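Observations on the three-dimensional arrangement
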Amino acid sequence: MGQRSYAKRIGVTGGAGFIGSNLLLHLVPRYPDYLFVNIDCLTYAGNLMNLESIESKDNYCFEKIDIRQFETLLECFDRHDLTGVIHLAAESHVDRSITGPSAFVSTNINGTFNLLELARGRMDRGFRFHHVSTDEVYGSLGETGYFTEQSPYRPNSPYSASKAAGDHLVRAYHETYGLDVVTTNCSNNYGPYQFPEKLIPLMIRNARAGLKLPVYGDGRNVRDWLHVQDHCEAIDLVFHEGSKGGSYNIGGHNEITNLELVQRICAILTDRLGTEPLDRLITFVEDRPGHDRRYAIDASYIQRELGWKPRYTFADGLAQTVQWYLDHTNWMERCVSGDYSKYYDRMYADRREMT
Ligand code: NAD
Ligand code: TDX
């Protein structure tokens, strides 16, 4: 049987993570004439169960690969003859970067370097490299002001420093070699399939279980929240229409303190579950070292240049997200127990041995 030909063959690194899963669920049905190769080594944060609904699609496949392993990556790029990559694979949790920075340096910097080298070898085929990054590279804001694409880089955690290093390499490959790159720097995402170590799913899980809700420091740190679906639509747009070498800030203009956010989650849960007010569980705990005070994104450039703007209001997005976690308690518990990793063994390990 001859191989199907595709208009584009795109590697999506980190496709089993929170944003990567949502992105593949968005892209795979939307572009039936593209092949999407999910490249992920399945750390604790990778969960293939998220992708069950696209698992058997012709234009999707999964490759269990660590982006730190150059030779394995090379073989994958060659076998699928990739024409582009959307690079999301990363160690992504700030608290883990404080207790164990090593994997952040190797994956977020060396892994990005490996992918750039492979992209450089494919420049003659019009290869596009989309680097998915974060607003945390800009450091912390005071009471006022916004991060723009011109803001200086001032990362404060090992996580954000490793992401910043990745951004710099991407920029350098464009300036030095003329590689076709685009970078997106997004604010805090929320929505389905987020690993319950991050603020919103952690608070939902704990509140439901009657556990303490640990708010760091005074709870007045501000984050600018964006629904993951809005982020995925922005990535889709920038990958297709972003200008070569361009950087785009993406944010939702939803600034809220952590304390207020946790109170809102408690109010929604109290209402939905019909319990005693759950905000009594809020507990202030020792602050995160180097805790950035405030993030806020000026997203006017992507809006002006590419016509992107978020579709979710924060009120609707948060209510829908809380409901999603209430409806998927099994998913949450399997994440926490680590049970989800068995899904790979069932679905792929045997299949791999047969080929
Ligand atoms: P996540 O931690 O949920 O998922 C990361 C994925 O990368 C996992 O599937 C994991 O298995 C995979 N991975 C990690 N190391 C790997 C390696 N060495 N080789 C192959 N795969 C590896 O992360 P997320 O929240 O989905 O974030 C995705 C990307 O978006 C990251 O680059 C992150 O920096 C960026 N980002 C995240 C947010 C956010 O709020 N979550 C905001 C802005 C930018
Ligand atoms: O238990 C908690 N209590 C608490 O007060 C946790 C887990 C967090 N927090 C605070 C710290 C932050 O100010 O809530 C805020 C959000 O924390 P996280 O969910 O850990 O996200 P953050 O550190 O802001 O980083 C996230 O957004 C930017 C992602 O994890 C990054 O990958 C992304 O780049």
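Anyway, here's the lowdown on the structure attached to this text.

Each value, and the rule that gives it
- Residues numbered from 1 in each chain as written.
- Chains lettered and ligands numbered in written order.
- Predicted model: local features only at pLDDT ≥ 70, side-chain atom pairs only at ≥ 80, totals over all residues.
- Heavy atoms only, no water.
- Near = heavy atom within 4 Å.
- Polar contact = N/O pair within 3.5 Å; in protein donor to acceptor, adjacent residues only side chain to side chain.
- Areas by Shrake-Rupley, 256 points an atom, 1.4 Å probe, with all protein chains shown as cover.
- Helix = DSSP H or I, 4+ residues; strand = E, 2+ residues; numbered from the N terminus.
- Buried < 20%, exposed > 50% of the residue type's maximum accessible area, 1.4 Å probe, protein only.
- Arc of directions from axis to C-beta.
- Contact = heavy atoms within 4.5 Å.
- Nonpolar A, V, L, I, M, F, W, Y, C, P; charged D, E, K, R; others polar.
- Core = buried A, V, L, I, M, F, W, Y, C linked by side-chain atoms within 4.5 Å.
- Pairing = 2+ DSSP bridges.
- Axes fitted to C-alpha atoms, helices over the stretch in contact; angles between N-to-C directions.
- Salt bridge = Lys/Arg side-chain N within 4 Å of Asp/Glu carboxyl O.

Okay, the site of ligand 2 next. Around ligand 2 sit 18 residues in total, of which Thr134, Glu136, Tyr159, Arg288 and His291 are the nearest. Here Tyr159 contributes a side-chain N or O atom positioned 2.6 Å from an oxygen atom of ligand 2. A total of 650 Å² of accessible area belongs to ligand 2 in isolation, and the protein chains cover 94% of it. Secondary-structure elements contributing two or more residues to the shell around ligand 2 are α6 (199–209) and β8 (213–216). Per element, the largest residue contribution to the shell around ligand 2 is three residues, and it comes from β8.

Moving on to helix α2 (residues 70–80). Within the sequence span of α2, burial applies to Leu73, Cys76, Phe77 and His80. Along α2, the residues classed as buried sweep out an arc of 100° about the axis, all on the same side. Residues of α2 that are buried in the fold lie against β1 (8–13), β2 (34–40), β3 (60–64), β4 (84–87) and α4 (102–120).

The local shell around ligand 1 holds 29 residues, among which Ile19, Asp40, Ser92, Tyr159 and Lys163 are the closest. Gly17 is positioned with one of its backbone polar atoms (N or O) 3.0 Å from an oxygen atom of ligand 1. Between ligand 1 and Phe18, the relevant distance is 3.0 Å, taken from an oxygen atom to a main-chain nitrogen or oxygen of the residue. Against a free-state accessible area of 830 Å², the protein chains account for coverage of 97% of ligand 1. At the level of elements, α1 (18–30), β5 (128–134) and α5 (158–177) are the ones that each hand at least two residues to the shell around ligand 1. Across the shell around ligand 1, the residue classes tally to 14 nonpolar, eleven polar and four charged.

Formed by 56 residues in total, the largest nonpolar core has its most connected members in Phe36 and Ile86. Among residues more than four places away in sequence, those in contact with Ile86 are Ile10, Gly11, Val12, Thr13, Leu23, Leu27, His130, Val132, Ile235 and Phe239.

Let us look at the sheet that holds β2. Taken together, the seven strands give an open sheet; going across it, the order is β3-β2-β1-β4-β5-β6-β11, and neighbouring strands pair in parallel fashion. Each edge of the open sheet is held by one strand with a lone partner, namely β3 and β11 (246–250). Within this sheet the neighbouring strands show an average axis-to-axis angle of 20°, counted without direction. Across five bridges, the pairing between strand β6 (residues 180–186) and β11 is parallel. The residue of β11 that forms the bridge with Asn185 is Asn249. Here α1 sits on the sheet in contact with β1, β2, β3 and β4, set at roughly 165° to β2. Along the sheet, α2 makes contact with β1, β2, β3 and β4, crossing β2 at roughly 170°.

This structure, assessed with the given rule, holds 17 salt bridges. For Asp95, the salt bridge identified is with Arg288, shortest N-O distance 2.6 Å. Placement of Asp95 in helix α3 (residues 94–99) and of Arg288 in the loop between β13 (282–285) and α9 (300–306) is noted, with a sequence separation of 193 residues between them. Note on Asp95: relative accessible area 18%, which makes it buried. Look at Arg288 and you get buried, because its relative accessible area is 18%.

Examined against the element boundaries, Asn185 turns out to sit in strand β6. Given the relative accessible area of 1%, Asn185 is considered buried. Excluding residues that lie within four positions of it along the chain, Asn185 makes contacts with Ser133, Thr134, Asp135, Val137, Tyr138, Tyr153, Asp167, Tyr248, Asn249, Ile250 and Ile297.

One non-glycine residue with positive phi stands out, namely Asp81, at about 45°. With respect to the helices and strands, Asp81 occurs in the loop between α2 and β4. Not every positive phi belongs to a glycine, and Tyr193 is a case in point at roughly 70°. Residue placement: Tyr193 occurs in the loop between β7 (189–190) and α6.

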